[in-house]
Amino acid sequence: MEQIIECKNLTHYYGKRLIYQDLSFNVPKGRILGLLGKNGTGKTTTINILSGYLKPRSGECRIFGSEVQSMDPALRQNIGLLIEGHVQYQFMTLTQIEKFYAAFYPNWKKEAYYELMKKLQVAPGQRISRMSCGQRSQVALGLILAQNPELLILDDFSLGLDPGYRRLFVDYLRDYAQAESKTVFLTSHIIQDMERLIDDCILMDYGRILVQKPVGQLLNEVRRYTCTVPEGYELPSIEGLYHPSVLRNTLETFSFLPPTEVEAKLHTMAVPFTNLHSEKVNLEDAFIGLTGKY
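Residues numbered from 1 in each chain as written. Predicted model: local features only at pLDDT ≥ 70, side-chain atom pairs only at ≥ 80, totals over all residues. Heavy atoms only, no water.

1. A closer look at the side chain of Asp200
Okay, so step 1: Its place among the elements puts Asp200 in strand β9 (residues 200-205).
Okay, so step 2: Of note is the side chain of Asp200, whose polar atom sits 2.7 Å from the side chain of Arg31.
Okay, so step 3: With near-sequence residues (within four places) excluded, Asp200 lies in contact with Arg31, Ile32, Leu33, Gly34, Lys213, Pro214 and Val215. (Helix = DSSP H or I, 4+ residues; strand = E, 2+ residues; numbered from the N terminus. Polar contact = N/O pair within 3.5 Å; in protein donor to acceptor, adjacent residues only side chain to side chain. Contact = heavy atoms within 4.5 Å.)

2. Quick look at the nonpolar core
Okay, so step 1: Grouped together as the largest cluster of nonpolar side chains are 55 residues, with contacts concentrated most on Val139, Leu154, Phe157, Leu186 and Ile198.
Okay, so step 2: Once you skip the residues sitting within four places of it in the chain, Leu154 turns out to touch Ile47, Leu82, Leu141, Ile144, Leu173, Val184, Phe185, Leu186 and Thr187. (Core = buried A, V, L, I, M, F, W, Y, C linked by side-chain atoms within 4.5 Å. Buried < 20%, exposed > 50% of the residue type's maximum accessible area, 1.4 Å probe, protein only.)

3. With respect to the sheet that holds strand β4 (residues 58-63)
Okay, so step 1: Spatially, four strands are ordered β2-β1-β4-β5 in an open sheet, and the strand pairing comes out antiparallel. Since the sheet does not close on itself, it has two edges, and those belong to β2 (17-28) and β5 (66-67), each with one partner.
Okay, so step 2: By the bridge criterion, eight bridges tie strand β1 (residues 3-14) to β2 in an arrangement that is antiparallel. By the bridge assignment, Tyr14 is partnered in β2 with Arg17.
Okay, so step 3: Contacts from helix α1 (residues 43-51) reach β1, β2 and β4, with the element oriented near 60 degrees to β2. (Pairing = 2+ DSSP bridges. Axes fitted to C-alpha atoms, helices over the stretch in contact; angles between N-to-C directions.)

4. Some thoughts on the confidence of the model for the protein
Okay, so step 1: Per-chain confidence: the protein averages 91 in pLDDT, with 98% of residues scoring 70 or above.
Okay, so step 2: Taken element by element, the predicted model of the protein shows its lowest mean pLDDT in helix α5 (residues 133-146) (85) and its highest in strand β11 (residues 223-228) (97). (pLDDT = per-residue confidence, 0-100.)

5. Section: unusual backbone geometry
Okay, so step 1: Positive phi, normally seen in glycine, also occurs at Asn9, with a value near 55 degrees.
Okay, so step 2: Examined against the element boundaries, Asn9 turns out to sit in strand β1.
Okay, so step 3: For Asn9, a relative accessible area of 41% translates into the label partly exposed.
Okay, so step 4: The phi angle at Asn275 is positive, at roughly 60 degrees, despite the residue not being glycine.
Okay, so step 5: On the secondary structure map, Asn275 appears in strand β14 (residues 274-280).

6. Structural notes on the pattern of salt bridges
Side chains that carry opposite charge are capable of pairing whenever their charged atoms lie near each other.
Okay, so step 1: Summed over all chains, the structure comprises 14 salt bridges.
Okay, so step 2: The residue Asp171 makes a salt bridge to Arg174 at a minimum N-O spacing of 3.4 Å. One end of the pair, Asp171, and the other, Arg174, are both in helix α6 (residues 163-180), three residues apart, so they sit about a helical turn from each other.
Okay, so step 3: Ionic pairing is found between Glu221 and Lys213, a salt bridge with its closest N-O pair at 3.0 Å.
Okay, so step 4: The network of salt bridges with shared partners includes Asp171, Arg174, Asp175 and Arg196. (Salt bridge = Lys/Arg side-chain N within 4 Å of Asp/Glu carboxyl O.)

Okay, here's the thing in structure tokens:
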């Protein structure tokens, strides 16, 4: 399968603070990959490395087979990049901003822009300055789609959008990417949106990739486990159980292990438990369970 993004052994520091070390991942053509992580785990750092704005301390980042830092400008036109989520030149109307941007992109596809604007139910003559924060974000996203890039890199694309606008764009982007065989790399703090949109996910912990799997596989494998323990019991560290916690007399933990193995581990560690129960979870619960609540 053709790899659109190839990152190998990325290491980066801010001053003496290590962001991550030996980070490696690929994004195949036609897939939508979501990067999930808490604040400070390096999501925006990764976006800046992919965009060429930031050179990692070490490692290699290639897009379309070309080293990002020395990429030919003609090849770079195949990348649509969203950093802030808001459009400049807010004194322009929707029609004026589309014509302005069209002059810079030879493969401009205005239909993608106007179709999204129609869904927003805004008039072509409306000035961007008079739009809501969410509408302006959608204008920026529409302009990126109109560039008709092979790869879209979207950093916190749902910033400032209310639930209705988020749902509208998530559905539109998913259908657009599938129909046009686009590759998408994105981040968002709204994990419900990610579950609805992405094919694959990377869960970042501090300094490393914690999990990298197709979303369907992740949700099929990870489970929340609960059981009853004596109130005030302090659970020892157990390999394969993520962030166990005890509230009153209920122990909660997450694991990729099947119930029989979790039960065996608890017995081996002489945990005084009863009523072990397992259940599958959604992506947000899996993320919190695997990375910790705090």
